[in-house]
Amino acid sequence: MIDLLTSILTITLRAGTSLVSATVGEIYTERSGILNLGLEGMMLMGALSAFVTAYYTGSTWLAVLVAILVGGAMAAIHAFLTVTMRANQVVSGLSLTLFGSGLASFLGQRLGPPENNGYLVGLVGPKFSAITIPVLSDLPVLGALFRQDILTYIIYLFVPLAWFYLYKTRNGLNLRAVGEDPQTADAMGIDVFKTRYLYTILGGMLVSLGGAHLSLAYTPGWAENITGGRGWIVVALVIFAMWNPARAILGAILFGGINAVQFRLQAGGTNIPAAFLNMMPYLVTILVLVAITWWEALSKRIGAPAALSKSYMREEK
Amino acid sequence: MTAEETLKTPILEMHGITKHFPGVLANDQVDLQLYPGEILALLGENGAGKSTLMNILVGLYRPDKGEIFVRGQRVEIDSPRDAAALGIGMIHQNFMLVPTMTVAENIILGVQDLPFVPNMEEVCRRVRELSERYNLQVDPDAYIWQLSVGEQQRVEILKLVYRGAEILILDEPTAVLTPQESQELARILKVMLTEGKSAIFITHKMEEVMEFSDWVRVLRQGKLVAIEKTAETSPQELAQMMVGREVLFHLEKQACVPGAEVLELRNVASNDDKGLPALKGVSLTICGGEVLGIAGVAGNGQRELAEVVTGLRKVTQGEVLIRGKAMTNKSPLEVIREGVSYIPADRIGVGVVGNMAVADNLVMKGYRQAPLGEGGVLHPRQILAFARQLIEAFRIATPTPQTRIKFLSGGNIQKAILAREIDACHGLIVAAYPSRGLDVGATEAVRKLLLKQRDDGKAVMLISEDLEELFSVADRILVLFEGQVMGVVPAAEADTESLGLMMAGIRQAS
Amino acid sequence: MHFLFEKRQSISRGALVLVPVISFFVSLILGGILLAVSGADPFATYAAMARGAFGSWRNFSETLVKAIPLMLTGLGVSIAFKMQFWNIGAEGQLTLGGVVAAWVALFVSQGLPETMVLPAALLLGMAAGALWAGIPAVLKAYIGVDETLTTLMLNYVAILLSEHLYYGPWRDPNGYGFPGSAQFPVSAWLPRLGNTRAHLGLIFALIAATLLWFIFNRTRWGFELRIIGENKTAARYLGIQIARNIVLALLLSGALSGLAGACEVTAISRRMQQGLSIGYGYTAIIVAWMAQLNPFAVPFVAILMAALLVGGDQVQIMMGLPSAVGTVLQGMILFPMLAGTLFTEYRLRIITPRKSASLEPSTQEVSQ
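## Observations regarding the sheet that holds strand β15 (residues 325-326) of chain B
Two pairing modes exist for strands in a sheet, parallel and antiparallel, and in both the strands are linked by backbone hydrogen bonds.
Residue and element names in this part refer to chain B.
In step 1: What the four strands build is an open sheet, ordered β12-β11-β14-β15; its pairing is antiparallel. Both edges of this open sheet fall to β12 (277-287) and β15, since each of them pairs with a single strand only.
In step 2: Across six bridges, strand β11 (residues 261-271) lies against strand β14 (residues 315-322) in antiparallel orientation. Note that in β14 the partner of Glu-264 across the bridge is Leu-321.
In step 3: On the sheet, helix α10 (residues 302-309) packs against β11, β12 and β14 and is oriented at approximately 60° with respect to β12.

In structure tokens form, the structure reads like this:
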């Protein structure tokens, strides 16, 4: 029983890594007032670019770097469209997802080696393996914390860091002001445009890093639709976390946990058809959203930055 | 430099400032000088270009032409950060405060010379120190949304002094204050001037120019039309320069002939958006052929009062009756069907649909009935004819009836709303701040229209923060304070002093 | 020098038409660069795509086959987007519409008069699509739950459900283990046009476009929907019922996507099997936005997007390039479109630097 729990927790944490990274990233972006629904596309491109780099160079760290840059570049498109061109943020994000999915699928059939007909599917590349910390990893249940890959350790550190940055530093204060009330922030000498660009790009980098964890550690290799809607689940997790990075970890663990249970049930054999098990994360997302929206309405608390998804312009007359 | 020389050298000079907005010349070759230790009043109607000029000074807008000198040095102010570095700070008409943040957080927002991790205790200590020095009581740990409007203004002032602003710009700061609070503001400003700071005071009220300023500059349609020493001018002279013609301070008003009772509120209570009590047992009546003015500092329940009457907000207690019929917690549509019209305070956000045509906006009340619509189908030709008729009758300046209404000026948008609401009204008009932000011509038109409705036998509820408007339009004036009725006085017997006391929550013994 | 967007005095009609057209060409250029970088000849690829999509009557009819579901879902999405309701669940609504139509064809048809089978399949398919859009609509209108997420999550649920059915309980026992249901009875076949695979759904789509135009421009309900979509506060103030109207509009939106799915199974596959939708519901978003939510523009944009899909298949067959070329181009087309929309209301003003007057004389001037 203890072994089962330990194993479920181990998988939970690992499955949650990509979600944590992306959730923290999207919280940064949304705190600046920009809603980026391009997560699924950026995660896919992050996973793809990381795998391709690792496969050809053999360096997983270079792969991480490339994924981060690719995510940043994609987010920069979104920033340009929504901040400078004041495009509709929902539609811009959706098109980023469509573009990212299309491009990842195209490149996945093009960038592979000739002997594989250009396909990346089925190739084995270098990956981040779990690092087992002696002694600690032998602890019952808690040992799960100490048999993760290095990327997981790093990404979970982002949670307290992001919380501290957002609530305790000058930059975090200014960032929150831009998302709450860009007009005031502007009048107070904070560069709204720069802030929105910066955190949209930073957010994209972290989202893409989450994708890289999928193809380098969680399910090493490339598969079409490797993200399986995780990008979208992250959009829900941000709401669930009420835009507070500290709470991002709860959501990520909840959904990582669903993944883990699903995995165990499927591996262990069960009467429940696989399709219904696979529906769980999506149905739970809906239930969680309903619950949190209801709770927000009852308690009259609104977690969303007040200026979220509204474009800002100064000289309007 | 001797004291006398310092006085002679302007701390701030603007030269030949010109600023275009599409279709408008907001500032045309405007000059300005400000001397240390003095207050300069910038007087002008709404739309005269005062705020634009000051937004240029704080780096929010860029001038097309012109130069700015601060302490004798030519400067380029490209952002509010540049302005702050030069010691220029502004209190905007709509306060620049983040409601979900604390007072202390708002005060240090965007401040450059702070450590990466600011010591909030240290910040709060300094805020307390400054608030004692200027007698500006406010709790640095309170959230902005918890504060009254008056307290929020104190935060704005603290923000400026915390940043070491030497040149203070105040954009219509008294609009949200009771007359007594305005005097308090004058006192604080005097203290600051003795420290060598100076201020520019934007206003369209003559009395304030006389009370606050040393110098006054009058803007009209973007142009500087007069520079006067305050002591050497008079309100009448200033008013004439501001408007460019003789001003009628009084509207022709016929004697009130009250008819049957149209609206009655009995002991009504209601909550605001945060769920806090906003109306606490309000009772009132309005008869046909009568204007009831609602006075009070903004945020004392006016909005909730208007929304309770128009069905947009639920009452938690009490009754609403229209012509004796129980209308408590009826839907907006049912209230509209009773002939109630509403001119909302937020005309762009609530009153119109900006992206739809002027004609569409004009029929947004009438589309439910023939001849505009029948059996769920609309008749475009009838709609256009109807719109043309209203455009003509209310003199709405629009290129075509198909123009999207957001491209119209504020005054014409308001006229369109009035046209639609008056046309649909048969009984009661609720008008919230109907002339706010309009120029003198449009203001006069709006007031005349409301009086005409009264003379036609309709009941009018006029919510206004402008006492002069209430004196000239209303028959009786009701004062709201913290959701309670402080008193009702006939307009003919009302005076600023006693209304001011009631607006501050001091009940009159009468 | 710096740039400034300056508000126009009125909407620029020219920009309204030019922006989508220019966007299409810009995306072709961007796509060309991508093709060249990945080692393919962009000109040859585009030529092959164009031939594949429009080269012959036969090819064009295949383009129409893919355009029909895009038209119906594109119209459905347009309704929702007009309401500022971000329905990205057309994929799921289409899938469920297909599933229910298939259910009627497979399991209910025996009990029905022959002439009733097809109408029943189509109508129930529409109802299923409406239901699938109605759930998020109710959650949004009455509780305020974010609709982008709920509509999207329901896509996965519908797709997983359909997979479960044709892999499991609906699998044809005589299908040699091939995942998919048995073929529908002929009474459930939607007529095709001539000897092509294009079908009656085209007529449905054109009727739907006309109907939508009429609703939005000539009816009281449509007028109210437009007001709600533009400004909910104003709508409330004008006495318009918001929640109920959002739900009704979304039922219509989902019904059109459901119809698309019902047509796909009854006209194309004539059985329930893999590949019911190849992302039509997502492409519908592009169609709706490119058409600027104008119902009469939707069919044309749908044909263009379908041409990219068919063209993509063709280059895979003829040039060995991944067919995803089409999807990549689709994905890129909205970027210039989104960037360009600003120009319908704003114009770009370039401000040259002010004369940098020398500081010395001017300071002297005022220090006196």
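Once the structure has been displayed, the description carries forward.
## Structural notes on the interface of chain A and chain C
In step 1: Contacts between chain A and chain C engage 39 residues on the former and 40 residues on the latter.
In step 2: For the side of chain A that touches chain C, the leading source of residues is helix α11 (residues 274-299) of chain A, giving twelve residues.
In step 3: For the side of chain A that touches chain C, the class distribution of residues is 26 nonpolar, nine polar and four charged.

## Comments concerning the packing of helix α1 (residues 2-31) of chain A against helix α5 (residues 150-168) of chain A
Residues and elements named next belong to chain A.
In step 1: At a minimum axis distance of 9 Å, the contact between α1 and α5 shows a crossing angle of 30°. On the basis of the axis angle, α1 is roughly parallel to α5. Viewed along their axes, α1 and α5 form a crossing whose handedness is left-handed. Counted together, Leu-13, Arg-14, Thr-17, Val-20, Ser-21, Val-24, Ile-27 and Arg-31 of α1 and Leu-151, Thr-152, Ile-155, Tyr-156, Phe-158, Val-159, Ala-162 and Leu-166 of α5 form the full contact between these two elements.
In step 2: Here the contact of α1 with α5 is composed, by residue class, of eleven nonpolar, three polar and two charged.

## A look at the interface of chain B and chain A
In step 1: Of the residues lining the interface, 23 residues belong to chain B; the matching set on chain A comes to 20 residues.
In step 2: For the side of chain B that touches chain A, the element with the most residues is helix α3 (residues 80-85) of chain B, which contributes three residues.
In step 3: Of the residues assigned to the side of chain B that touches chain A, the class counts are 15 nonpolar, five polar and three charged.

## Considering the confidence of the model for chain B
Reading predicted coordinates in detail is not appropriate for stretches of low pLDDT.
Residue and element names in this part refer to chain B.
In step 1: Residues with a pLDDT of 70 or more make up 97% of chain B, whose mean pLDDT is 90.
In step 2: Within chain B, the lowest mean pLDDT, 52, falls on helix α1 (residues 3-8), and the highest, 97, falls on strand β20 (residues 459-463).
In step 3: Under a pLDDT of 50 for its full length, residues 1-5 has, in the predicted model, one contact with residues more than four places off or in other chains.

## Observations regarding the pairing of strand β4 (residues 65-70) of chain B
Residue and element names in this part refer to chain B.
In step 1: Two strands pair when backbone bridges link them, and strand β1 (residues 12-21) and β4 are joined in this way by five bridges, in the antiparallel orientation. The partner of His-15 across the bridge, within β4, is Glu-67.
In step 2: For β4 and strand β5 (residues 73-75), the ladder comprises three bridges, and the chain directions are antiparallel. Considered in β5, the bridge of Ile-68 is made with Val-75.
In step 3: The turn linking β4 back onto β5 is made up of two residues, and Arg-71 within it adopts a positive phi angle of 50°.

## So, the environment of Val-265 of chain C
Residue and element names in this part refer to chain C.
In step 1: When you line up the elements, Val-265 lands in helix α10 (residues 242-269).
In step 2: For Val-265, a count of 31 C-beta atoms within 10 Å puts it in the buried group.
In step 3: Each C-alpha atom, one on Val-265 and one on Gly-98, is 5.8 Å from the other, the two residues being 167 residues apart in sequence.
In step 4: Other than its neighbours up to four places away in sequence, Val-265 contacts Gly-98, Ala-101, Ala-102, Met-272 and Leu-276.

Parameters at a glance
- Residues numbered from 1 in each chain as written.
- Chains lettered and ligands numbered in written order.
- Predicted model: local features only at pLDDT ≥ 70, side-chain atom pairs only at ≥ 80, totals over all residues.
- Pairing = 2+ DSSP bridges.
- Helix = DSSP H or I, 4+ residues; strand = E, 2+ residues; numbered from the N terminus.
- Contact = placed C-beta atoms within 7 Å.
- Axes fitted to C-alpha atoms, helices over the stretch in contact; angles between N-to-C directions.
- Nonpolar A, V, L, I, M, F, W, Y, C, P; charged D, E, K, R; others polar.
- Parallel < 35°, antiparallel > 145°, perpendicular 65-115°, else oblique.
- Left-handed = near helix turned anticlockwise from the far one by under 90°.
- pLDDT = per-residue confidence, 0-100.
- Buried ≥ 20, exposed ≤ 12 C-beta atoms within 10 Å, placed from the backbone.

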